[in-house]
Number of protein chains: 4
Amino acid sequence: MRRTKEEAGITRKQLLEAAVRVFSEKGYAATRLSDIGEEAGVTRGAIYWHFGNKKELFAALFKERVDPFFKFIKEILNEDFGPLDKIQKILTVFFERFRCDRDFLANQHLDFIEMKIRNEVPEIRTFMKEREDKFYEILVDVVNAGIELGEIRKDVDPDAVTSMLATLIAGYAFLLAGNEASSLFKGKGKEMVEIFITGIRA
Amino acid sequence: MRRTKEEAGITRKQLLEAAVRVFSEKGYAATRLSDIGEEAGVTRGAIYWHFGNKKELFAALFKERVDPFFKFIKEILNEDFGPLDKIQKILTVFFERFRCDRDFLANQHLDFIEMKIRNEVPEIRTFMKEREDKFYEILVDVVNAGIELGEIRKDVDPDAVTSMLATLIAGYAFLLAGNEASSLFKGKGKEMVEIFITGIRA
Amino acid sequence: MRRTKEEAGITRKQLLEAAVRVFSEKGYAATRLSDIGEEAGVTRGAIYWHFGNKKELFAALFKERVDPFFKFIKEILNEDFGPLDKIQKILTVFFERFRCDRDFLANQHLDFIEMKIRNEVPEIRTFMKEREDKFYEILVDVVNAGIELGEIRKDVDPDAVTSMLATLIAGYAFLLAGNEASSLFKGKGKEMVEIFITGIRA
Amino acid sequence: MRRTKEEAGITRKQLLEAAVRVFSEKGYAATRLSDIGEEAGVTRGAIYWHFGNKKELFAALFKERVDPFFKFIKEILNEDFGPLDKIQKILTVFFERFRCDRDFLANQHLDFIEMKIRNEVPEIRTFMKEREDKFYEILVDVVNAGIELGEIRKDVDPDAVTSMLATLIAGYAFLLAGNEASSLFKGKGKEMVEIFITGIRA
DNA sequence: TATGAATGAGCATTCATTCAT
DNA sequence: CATGAATGAATGCTCATTCAT
């Protein structure tokens, strides 16, 4: 039993880390709190102390994980690249990180898989909606800038670009996270980015 | 209670139809057999009579639904189009059908969501592997034909094309099936296809 | 489906034969009607046609099997032996038959195992009570005759002899029917009879 | 709800006590865990906490009950009696205890009734086999000693003696535990022992 | 803080039983 | 006579949750 504040913080962190892994591997419904407890080296009781219940634990995951995620994207967008390079960079970095950072992938996978839960917990819903809306606006601006700068084809629908980004990221995280993916899917992150960029380049 | 063979067939069909809907809406683990039973207008017992258990019911879904799905693709590939048009057609038709045919979407959604289950039931695993492998080979041939005919860029990796197809289809089905999708995702099926095709066209 | 009376009789007989085997192997509660059906080569429905329900099937077993069993004993008792020989013969024949006739053993095993059921079905209860009472009276007479004839010790309690018979038969059937019996139990039917007879001989 | 270790031990003990009673009364298959729970004053959940599942509960019964049982026999065999007296004592004490100690009877009844289960749970199987083998060896030694000392007839097969012991104990426990025993069976423990001893005495 | 013990609602599954054919 | 289809009550088991310690 951890007695100091510091130690309690460690338990909390371990629980969250265990939770992403287990949730993303099994999905929300099939995940047992005991699994998470075991993976974190504590009993289920600790989860209740730190998070209240299963749903809250799941919600906490988002609040803690999504923020750095969006910060990460913002950093890319703030760097001194042209619009097209920004878009390319975002996708490339996503794909790259999916491949290397199992936790990052798990998190994203979770994000897409558990939309149902997200809709059930208003807290998550609002939380995610806000950031995505903001992200959407920034991205559309980037695309429009790209068009104005002549980097992107004039006849490209900015919404198609954001949709394509969302679709590719969702699909990639999905296929990559599935233990044994479809035969069609061979990774090919860089090549796919290239195709996409070629598809919108002026 | 249905007593004739014919009527039993109806019950079976209704169970399967109910099952796609419920499974794809709730996911495998969160689906209760009673939900499916109620939706089909029979008791849980009927499920056991027809399918044996939950897993087998799920497996039966695949065996019955995936076949027409692949037939559908084959038909497109057999038509008298050029390679690029075939690829475009496949994606277009998929996206279109996802939008209009709720059951088709649900089915595909299921397919992607429940890879875990798929891996647990060897029957499904083998079943799917075979068809996907075949599909993959045909597609690669199409891409290579496209390259030779000068319709597709020479420097395009055929595997990148199949991966892109898989990714787009998975992502699209996914985002569309999520009750309240990401802000980034605005549908835009046709536009996305156009970007993709432009990305690989010679 | 059997259509003639004769064929129906065959089904009935097969069901009863299957029933003794399965009941005696698994016990009443653990026996599924489908087991019996399969062993008899028909579906459960046939059981309901012939016997009404599980309990009735079980009851029918007794009525059909116990009669010949008591007849068999009576025959021994009616033969022209001395009292001691009669007692010896009964035990010997029982043990012998237990060893050789698997169905006979199963039947007896059942008889002892399922006293609970017997008590639940008044029909069986009365039925068995009557025969056993009669058997008891005859046996006590035999023992008394033996005492009077000086074949059996005067200080032997006739009830102890009948109890011993019952105990040995029950115990023997029991230990023999248990798949892997106690290490103590090595069969030894004849030897046990000899010990018993020596124990009561004048 | 019991919260301390001590109290948990009480719950466990009560569950075991309830379990012997219910199992031996209804048999393994017909016993519902809720019966045991109710009899012990807890919910079924507590059974799963303490024992894992039904089979394990049953197995636990053996491991906890059989040991004292064999100790009890050993004590008799270690006392300062002659071989014949030891054998007589064992039977006498068994019969006596069966009559007075309902739990002891129930336990023994269980032991004989559920050989099937015993064979299904390897743990129990090995466990019992070992003790019975040891018991058998000791008993055979006692019989041989009796023969050498001239207390027991030279022509008596030691295995017949152990078999008789097993048969009598099994049969007696059986007939006594059956709610309404056979008409033949009138108890008569002491008298039966006397007959047996007379049967083997030199 | 965290654990151990226990609860209870919910779920998959089994199985005797029904009954139209 | 017998089957196939379906029902429904019962039962073992899982798991989120509670709470005294």
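Residues numbered from 1 in each chain as written. Chains lettered and ligands numbered in written order. Predicted model: local features only at pLDDT ≥ 70, side-chain atom pairs only at ≥ 80, totals over all residues. Heavy atoms only, no water.

Undergrad: Got a minute to help me understand the overall build of chain A in this structure?
TA: Summing up its helical and strand segments, chain A has ten helices and zero strands in all. Tracing chain A from N to C terminus, the helices and strands come up as α-α-α-α-α-α-α-α-α-α. In terms of principal-axis extent, the alpha carbons of chain A reach across some 60 × 35 × 30 Å. Within chain A, the proportion of its 202 residues that are buried is 54%. (Helix = DSSP H or I, 4+ residues; strand = E, 2+ residues; numbered from the N terminus. Buried < 20%, exposed > 50% of the residue type's maximum accessible area, 1.4 Å probe, protein only.)

Undergrad: Teacher, can you tell me more about the relation of the copies chain C and chain D here?
TA: It takes a turn of 180° to lay chain C on chain D, together with a shift of 0.0 Å along the axis; the resulting RMSD is 0.1 Å. On this basis, the relationship between the two copies can be described by a two-fold rotation axis. Most of the interface of chain C is mirrored in chain D: 96% of its interface residues are interface residues there too. (Least-squares fit on C-alpha atoms with pLDDT ≥ 70 in both. Contact = heavy atoms within 4.5 Å.)

Undergrad: So what exactly am I meant to see when it comes to the packing of helix H10 (residues 189-200) of chain A against helix H10 (residues 189-200) of chain B here?
TA: Two quantities define a packed helix pair, namely the angle between the helix axes and the distance between the axes. The N-to-C vectors of H10(A) and H10(B) enclose an angle of 105°; their axes lie 7 Å apart at closest approach. When the axes of H10(A) and H10(B) are compared, the pair comes out roughly perpendicular. On H10(B), the residues that touch Ile195(A), Phe196(A), Thr198(A), Gly199(A) and Ile200(A) of H10(A) are Ile195(B), Phe196(B), Thr198(B), Gly199(B) and Ile200(B). Classifying every residue of the contact of H10(A) with H10(B) gives six nonpolar, four polar and no charged. (Axes fitted to C-alpha atoms, helices over the stretch in contact; angles between N-to-C directions. Parallel < 35°, antiparallel > 145°, perpendicular 65-115°, else oblique. Nonpolar A, V, L, I, M, F, W, Y, C, P; charged D, E, K, R; others polar.)

Undergrad: Sorry, what's going on with the domain arrangement of chain A here?
TA: Often, the extent of an interface is quoted as the loss of accessible area on bringing the components together. All names here are of chain A. Looking at the assigned domains, one finds that chain A contains domain 1 (1-52) and domain 2 (59-200). Summarising the inter-unit geometry, the C-alpha centres of domain 1 and domain 2 are found 28 Å apart. Tallying the contact residues gives eleven residues for domain 1 and eleven residues for domain 2. Surface buried jointly by domain 1 and domain 2 totals about 980 Å² across both partners, of which 68% is contributed by carbon and sulfur atoms. (Domains from an automatic or database assignment. Buried area = accessible area lost by both parts, 1.4 Å probe.)

Undergrad: In this structure, what is going on with the nonpolar core? I would like to understand it.
TA: When a protein is soluble and globular, its nonpolar side chains tend to lie buried together. Residues Phe196(A) and Phe196(B) are the most contacted members of the largest nonpolar core, which totals 145 residues. The residues touching Phe196(B), leaving out its near neighbours within four places in the chain, are Met164(A), Ile195(A), Ile87(B), Leu91(B), Val161(B), Met164(B), Leu165(B) and Leu168(B). Core analysis: the second largest hydrophobic core is formed by 143 residues, Leu15(C), Ala40(C), Leu84(C) and Tyr136(C) among them. (Core = buried A, V, L, I, M, F, W, Y, C linked by side-chain atoms within 4.5 Å.)

Undergrad: What is the right way to look at the pattern of salt bridges in this model?
TA: Pairs can form between side chains of opposite charge whenever their charged atoms are close. Applying the stated criterion across every chain yields a total of 42 salt bridges over all chains. We note a salt bridge from Asp101(A) to Arg97(A), for which the minimum N-O separation is 3.4 Å. Asp101(A) sits in the partly exposed class, given a relative accessible area of 24%. Owing to a relative accessible area of 30%, Arg97(A) belongs among the partly exposed residues under this scheme. Residue Glu96(C) pairs with Arg99(C) through a salt bridge whose shortest N-O separation is 3.4 Å. Taken together, the residues span about one helical turn, with Glu96(C) and Arg99(C) both in helix H5 (residues 83-100) at a distance of three residues. Taken together, the shared-partner salt bridges in this structure form one network comprising Arg21(D), Glu39(D), Arg65(D) and Asp103(D). (Salt bridge = Lys/Arg side-chain N within 4 Å of Asp/Glu carboxyl O.)

Undergrad: How do you make sense of the relation of the copies chain B and chain A when you look at a structure like this?
TA: Put simply, the second copy of the chain is the first one after a rotation about an axis and a shift along it. In the superposition of chain B on chain A (RMSD 0.1 Å, axial shift 0.0 Å), the rotation amounts to 180°. Taken together, the interface assignments show that 100% of the residues at the interface of chain B recur at the interface of chain A, consistent with an identical surface on both copies.

Undergrad: Help me understand the arrangement of the chains, please; the structure alone is not making it clear to me.
TA: As for chain C relative to chain A, no contact occurs, and the smallest C-alpha gap between them is 32 Å. A minimum C-alpha distance of 14 Å separates chain B and chain C, which share no contact.

Undergrad: How should I be thinking about the packing of helix H2 (residues 33-40) of chain C against helix H3 (residues 44-51) of chain C in this particular structure?
TA: All names here are of chain C. With their axes 8 Å apart at the nearest point, H2 and H3 run at an angle of 95° to one another. Considering their axes alone, H2 and H3 lie roughly perpendicular with respect to each other. Every residue of H3 that contacts H2 at Leu-33, Ser-34, Ile-36 and Gly-37 is listed here: Arg-44, Ile-47 and Tyr-48. Along the lines of polarity and charge, the residues of the contact of H2 with H3 split into four nonpolar, two polar and one charged.

Undergrad: Explain the side chain of Ser183(B) here, please?
TA: If you trace the backbone, Ser183(B) turns up in the loop between helix H9 (158-177) and H10. Only 2.7 Å separates the side chain of Ser183(B) from the side chain of Asp133(A), close enough to count as a polar contact. Setting aside its immediate chain neighbours within four residues, Ser183(B) contacts Lys129(A), Glu132(A), Asp133(A) and Tyr136(A). (Polar contact = N/O pair within 3.5 Å; in protein donor to acceptor, adjacent residues only side chain to side chain.)

Undergrad: Is there a simple way to think about the interface of chain B and chain A in this case?
TA: Contact with chain B, which involves 51 residues of that partner, is made by 51 residues of chain A. Each partner contributes to the roughly 4,600 Å² buried at the junction of chain B and chain A, and carbon and sulfur atoms together form 66% of this total. Between chain B and chain A we count four salt bridges in total. The partner of Arg153(B) in a salt bridge is Glu194(A), with the nearest N and O atoms 3.1 Å apart. Here chain B is connected to chain A by 14 residue pairs in polar contact (both at pLDDT 80 or more). Going through the elements one at a time, helix H1 (5-26), helix H6 (102-113), helix H7 (115-120), helix H8 (122-148), H9 and H10 of chain B are the ones with two or more residues in the side of chain B that touches chain A. Looking at the side of chain B that touches chain A residue by residue, the classes come out as 23 nonpolar, 14 polar and 14 charged.

Undergrad: Whenever I open this one, the interface of chain C and chain D confuses me. Can you help?
TA: The partner chain D presents 51 residues to the 53 residues of chain C that form the contact. Summed over both sides, the interface between chain C and chain D buries roughly 4,600 Å², with carbon and sulfur atoms accounting for 66% of that surface. Counting across the interface, chain C meets chain D through four salt bridges. With its nearest N and O atoms 2.6 Å apart, the salt bridge here joins Asp157(C) to Lys188(D). Put simply, the parts of the chain that give the side of chain C that touches chain D at least two residues each are helix H1 (5-26), helix H6 (102-113), helix H7 (115-120), helix H8 (122-148), helix H9 (158-177) and helix H10 (189-200) of chain C. Per element, the largest residue contribution to the side of chain C that touches chain D is 15 residues, and it comes from H9(C).

Undergrad: Please explain H8(C) as it appears in this structure.
TA: In an α-helix, one turn spans 3.6 residues; hence positions three or four apart end up facing the same way. Residues and elements named next belong to chain C. Its 27 residues place the ends of H8 39 Å apart at the C-alpha level, agreeing with the 39 Å of an ideal helix rising 1.5 Å per residue. Every buried residue of H8 is listed here: Ile-124, Phe-127, Met-128, Glu-132, Phe-135, Tyr-136, Leu-139, Val-140, Val-142, Val-143, Gly-146 and Ile-147. Gly-150 occupies a position one or two residues after H8 and carries a positive phi of about 75°. (Expected span 1.5 Å × (residues − 1).)

Undergrad: What am I meant to see in the environment of Ser24(C) here?
TA: By secondary structure assignment, the location of Ser24(C) is in helix H1. Ser24(C) sits 31 residues away from Lys55(C) along the chain, and the two C-alpha atoms are 14 Å apart.

Undergrad: Whenever I open this one, the packing of aromatic side chains confuses me. Can you help?
TA: Note on aromatic pairs: each is described by the distance of the centres and the angle between the planes. Summed over the entire model, instances satisfying the criterion amount to 47 aromatic pairs over all chains. Between Phe72(D) and Phe104(D), the ring centres sit 6.0 Å apart and the planes meet at 70°, which makes this aromatic pair edge-to-face. Pair noted here: Phe72(D) is in helix H4 (residues 54-78) and Phe104(D) is in helix H6 (residues 102-113), with a separation of 32 residues, a long-range link. Each member of the pair Phe72(D) and Phe104(D) is classed as buried. An aromatic cluster is defined as three or more aromatic residues linked by ring pairs; in this entry it consists of Phe72(B), Phe94(B), Phe95(B), Phe98(B), Phe104(B), Tyr172(B) and Phe185(B). A cation over an aromatic ring shows up here: Lys54(D) above the ring of Tyr28(D), its NZ or CZ 4.6 Å from the ring centre. (Phe/Tyr/Trp six-rings, centres within 6.5 Å; stacked < 30°, edge-to-face > 60°. Lys NZ or Arg CZ within 6 Å of the ring centre and 35° of its normal.)

Undergrad: Please clarify how helix H5 (residues 83-100) of chain D should be interpreted in this entry.
TA: Over its 18 residues, H5(D) extends 26 Å from the first C-alpha to the last, a length consistent with the 26 Å expected when each residue adds 1.5 Å. Here H5(D) has its buried residues at Pro83(D), Leu84(D), Lys86(D), Ile87(D), Ile90(D), Leu91(D), Phe94(D), Phe95(D) and Phe98(D).

Undergrad: How should I be thinking about the environment of Ile36(A) in this particular structure?
TA: Residue and element names in this part refer to chain A. Among the structural elements, Ile-36 can be located in helix H2 (residues 33-40). With 103 residues separating them along the chain, Ile-36 and Leu-139 place their C-alpha atoms 36 Å apart. Once you skip the residues sitting within four places of it in the chain, Ile-36 turns out to touch Leu-15, Ala-18, Ala-19, Val-22, Phe-23, Thr-31, Ile-47 and Leu-57.

Undergrad: Please clarify how unusual backbone geometry should be interpreted in this entry.
TA: Most of the time, phi is negative for any residue but glycine, and the peptide bond is trans. Residues and elements named next belong to chain B. In this model, Lys-188 sits at a positive phi of 60°, which is unusual for a non-glycine residue. Examined against the element boundaries, Lys-188 turns out to sit in the loop between H9 and H10. Exposure remark for Lys-188: the relative accessible area of 24% places this residue in the partly exposed category.

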